[in-house]
Amino acid sequence: MALQCGIVGLPNVGKSTLFNALTESSVPAENYPFCTIEPHMGIVELPDKRLKELSAIYNPEKILPATVEFTDIAGLVRGASQGEGLGNQFLGQIRQTAAIIHVVRCFEDENVTHVDGSVDPIRDAETIETELLLADLDTLEKRIRKTEKAARSGEKLAIKELDLLNRLIHHCNDGHRARTLKVNDDDEKNFLHTLHLLSGKPILYVANVDEAEIMQNDRNKHVQALFDFAEKEGNTAIRICASIEQEIAILPEDEKEMFLAEYNLPEPGLNKVIHASFNLLGLQTYFTCGEKEVRAWTIPIGSTAPKAAGEIHTDFERGFIKAETFHYKDVLEHGSEKALTELGLIRQEGKQYVVKDGDCIFFKFNV
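Quick notes on the rules
- The numbers attached to residues start from 1 for each chain and follow its sequence in the written order.
- Totals for whole chains, interfaces and linings use every residue, but because this is a predicted model, local features are given only for residues with pLDDT of at least 70 and side-chain atom pairs only at 80 or more, for both listing and counting.
- Calculation of side-chain values draws on the structure's entire complement of heavy atoms; hydrogens and water are dropped beforehand.
- In summary, the pairing rule links any two rings of Phe, Tyr or Trp, Trp by its six-membered ring, whose centres are within 6.5 Å, and it sorts them by plane angle into stacked for under 30 degrees, edge-to-face for over 60 and tilted for everything else.
- Only DSSP runs of H or I with at least four residues qualify as helices, and only runs of E with at least two residues qualify as strands; both kinds are numbered from the N terminus onward.
- The classification of residues rests on relative accessible area computed with a 1.4 Å probe and restricted to protein chains. Under 20% of the type maximum is buried, over 50% is exposed, and intermediate values are partly exposed.
- Our definition puts a charge over a ring when NZ of Lys or CZ of Arg is within 6 Å of the ring centre and also within 35 degrees of the ring normal.
- Each pair of strands is called paired provided DSSP finds at least two bridges between the two strands.
- Here an axis means a line fitted to C-alpha atoms, over the contact stretch when the element is a helix, while the angle between two N-to-C directions is reported on a 0 to 180 degree scale.
- Here, residues are in contact when the closest pair of their heavy atoms is within 4.5 Å.
- Salt bridges are counted wherever a side-chain nitrogen of Lys or Arg sits within 4 Å of a carboxyl oxygen of Asp or Glu.

Student: What am I meant to see in the packing of aromatic side chains here?
Tutor: Pairs of aromatic rings are described using the distance from one ring centre to the other and the angle between the two planes. In total, this model carries six aromatic pairs according to the counting rule given. On the basis of an interplanar angle of 75 degrees and a centroid distance of 5.7 Å, the ring pair of Tyr205 and Phe229 is categorised as edge-to-face. Of this pair, Tyr205 sits in strand β6 (residues 203-208) while Phe229 sits in helix α8 (residues 221-233), and the two are 24 residues apart along the sequence. With relative accessibility at 0%, the residue Tyr205 sits in the buried group. Taking the relative accessible area as the measure of exposure, Phe229 reaches 9% and is therefore buried. Taken together, the ring pairs connect Tyr286, Phe320 and Phe363 into an aromatic cluster. Between Arg219 and the ring centre of Phe227, over which it is positioned, the NZ or CZ distance is 3.8 Å.

Student: What am I meant to see in the sheet that holds strand β4 (residues 67-72) here?
Tutor: By definition, the strands of a sheet pair up through backbone hydrogen bonds, in either a parallel or an antiparallel sense. Spatial strand order, β2-β4-β1-β5-β6-β7: six strands in an open sheet with mixed pairing. Looking at the sheet topology across the chains shown, the edges are occupied by β2 (40-45) and β7 (236-240). In this sheet, adjacent strand axes meet at a mean angle of 25 degrees when their direction is disregarded. Pairing geometry for strand β1 (residues 3-8) and strand β5 (residues 99-105), over four bridges, is parallel. Across the sheet, the residue bridging to Cys5 is Ala99, located in β5. Together, β5, β6 and β7 form the strand contacts of α8, whose direction differs from that of β6 by roughly 175 degrees.

Student: Can you help me understand the pattern of salt bridges in this one?
Tutor: When charged atoms on two side chains of opposite charge get close, those side chains can pair. In this structure the tally under the stated criterion is 17 salt bridges. Note that Glu293 and Lys62 form a salt bridge whose closest N and O atoms lie 4.0 Å from each other. With Glu293 in strand β9 (residues 293-300) and Lys62 in strand β3 (residues 62-64), this pair connects stretches of sequence that are 231 residues apart. Taking the relative accessible area as the measure of exposure, Lys62 reaches 46% and is therefore partly exposed. Here Lys256 and Glu253 are joined by a salt bridge, their closest N and O atoms 3.1 Å apart. Of the two residues, Lys256 and Glu253 are both situated in helix α10 (residues 253-262); the distance of three residues between them amounts to about one turn of the helix. By sharing partners, the salt bridges in this structure join Asp48, Arg50 and Asp357 into a single network.

Spelled out as structure tokens, the structure:
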């Protein structure tokens, strides 16, 4: 499954700089609002050293990593849900993504303008979240008008949906995100998902700091405030310096380690962004291995073997027979599948098997 994340934030907070670094592309990142007029998309490999380790054993013709798709969305401003700035079109672009990467400026620099005149990460984060909530309320009110007609005719499903819509309206009007509403059953959960509400999406807050801050272990007051805000909201926050990440991204591989060491960074901050985005939706990776290719596949945590097989092809799920399974650590330790067979470490798993992160699987099916 493709993981799609929308990068949002106020103008001039470093969104396009982060996107440039992620995709090593050349989206303009000028110091004025609405530089990004159309959404820019980029597909980024999920950094995973396990692929290289498995490839050293199988020596495949191709190596295919899991990927994350990022969309750089133009800066939102207060009133966007009523058409301010460049208006509702950007809220619509966020609606198409599975998760939100919210870049928040956490550094002082008089040479970089701020749309509200000062640096205040909580105010900035709440500005964006308010616009998402207002857009959701508009969506819900339109849906209620449509559902009320069906409910008046006595349609049971419409009556149930109308109850959930009214609860959502009250919940969001009280300033709570749709994601925090408690649903009564799977039917309500599924219906809520079909609404594609903006405040129903998980959020990763990215505290964008300057070069001096990223070299410090302690967080400045702006970063700490954002981390506390994210925790209170039940979300996640990480800290990076987008400008440094853009410099690292364009360096040759042999120079990147020297650059990272200079800034006392164990790995590129982009890796943290990509992995955090991946974890945001509760995803994990399994592998298929052979001489032709070693490939990483993305599935939700808790997926059964047939569901995992379906990521390769729907026929694999429909005609699933069994899964020959071993963990990547076992083949690294013993050096080959032949050794694993001799040691009895390759298991035959059925339809109820829940795939684990790092499993290597060969599916048998018949259609």
